[in-house]
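# Residue-level structural notes
For reference, the chains in residue letters:
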Amino acid sequence: KKMKLLLLTIFTLAVFALASSEKVPPLVWRSCGRGSATVQSVALRPYPPVVGSDVNINILANLGKRVTGTSGSIKITWEGIDLIDLPDANVCELVEGVCPINSGTQRITETTEVPNILPPGAYTGKVDLKHLDGSPLACFEGSGFVAEGKAISTDELLKELLAQIK
């Protein structure tokens, strides 16, 4: 009888451990194969990023041409639902101080807070950019995960939403 109780306890604990341990998929990215820039690496620190905390985005690329402005698209989905869809994105305007970027090997680093309004879970994204003259600049797509962060009150969430809208 004690052996059955011990086995049942171990089984129950194992089920709860499996149910509560969410596997974090690795950050995966790949080049779409077009553009004057060759993206060599994309890294997020920490990985996975945590809702409500800072994340450092680090991109290492070899640029065949100086970048003074961009046009193109940035699309990010969460669990298959479109969250960000910028069909005419100018990265030089979105990320203050990043442009101009000289040709050659460049490391682009940006630290930003992962907003509390983002849900934790699996994300996919695609960046397809062109130079201002219309020639292809860079294209890469990837997938990753955002971890749950600190809980916030409804009032804090509403303030965060209003701040994002402004």
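My aim in this report is to walk through the structure given alongside it, one point at a time. As the structure is a computational prediction, the values presented were derived from the model and not from experiment. (Residues numbered from 1 in each chain as written. Predicted model: local features only at pLDDT ≥ 70, side-chain atom pairs only at ≥ 80, totals over all residues. Heavy atoms only, no water.)

## Looking at the overall build of the protein chain
- Helix and strand counts for the protein chain come out as 3 helices and 8 strands.
- Secondary structure elements of the protein chain, listed N to C terminal, follow the sequence α-β-β-β-β-β-α-β-β-β-α.
- Taken over 166 residues, the protein chain has a buried fraction of 27%.
- Pairs at least 24 apart in sequence give 66% of the contacts found in the protein chain among residues at least 6 apart. (Helix = DSSP H or I, 4+ residues; strand = E, 2+ residues; numbered from the N terminus. Buried < 20%, exposed > 50% of the residue type's maximum accessible area, 1.4 Å probe, protein only. Contact = heavy atoms within 4.5 Å.)

## Here we look at the side chain of Thr-77
- Structurally, Thr-77 can be placed in strand β4 (residues 70-78).
- The class of Thr-77 is buried, set by a relative accessible area of 12%.

## Let's talk about the state of the cysteines
- For the structure on display, the rule yields 2 disulfides.
- The disulfide that involves Cys-32 links it to Cys-139, with 2.3 Å between the sulfurs. The chirality of the disulfide connecting Cys-32 with Cys-139 is left-handed, given an S-S dihedral of about -60 degrees. Pair noted here: Cys-32 is in the loop between β1 (28-31) and β2 (37-45) and Cys-139 is in strand β8 (residues 136-146), with a separation of 107 residues, a long-range link. (Disulfide = S-S within 2.5 Å.)

Coordinates in, geometry out; function isn't part of it.
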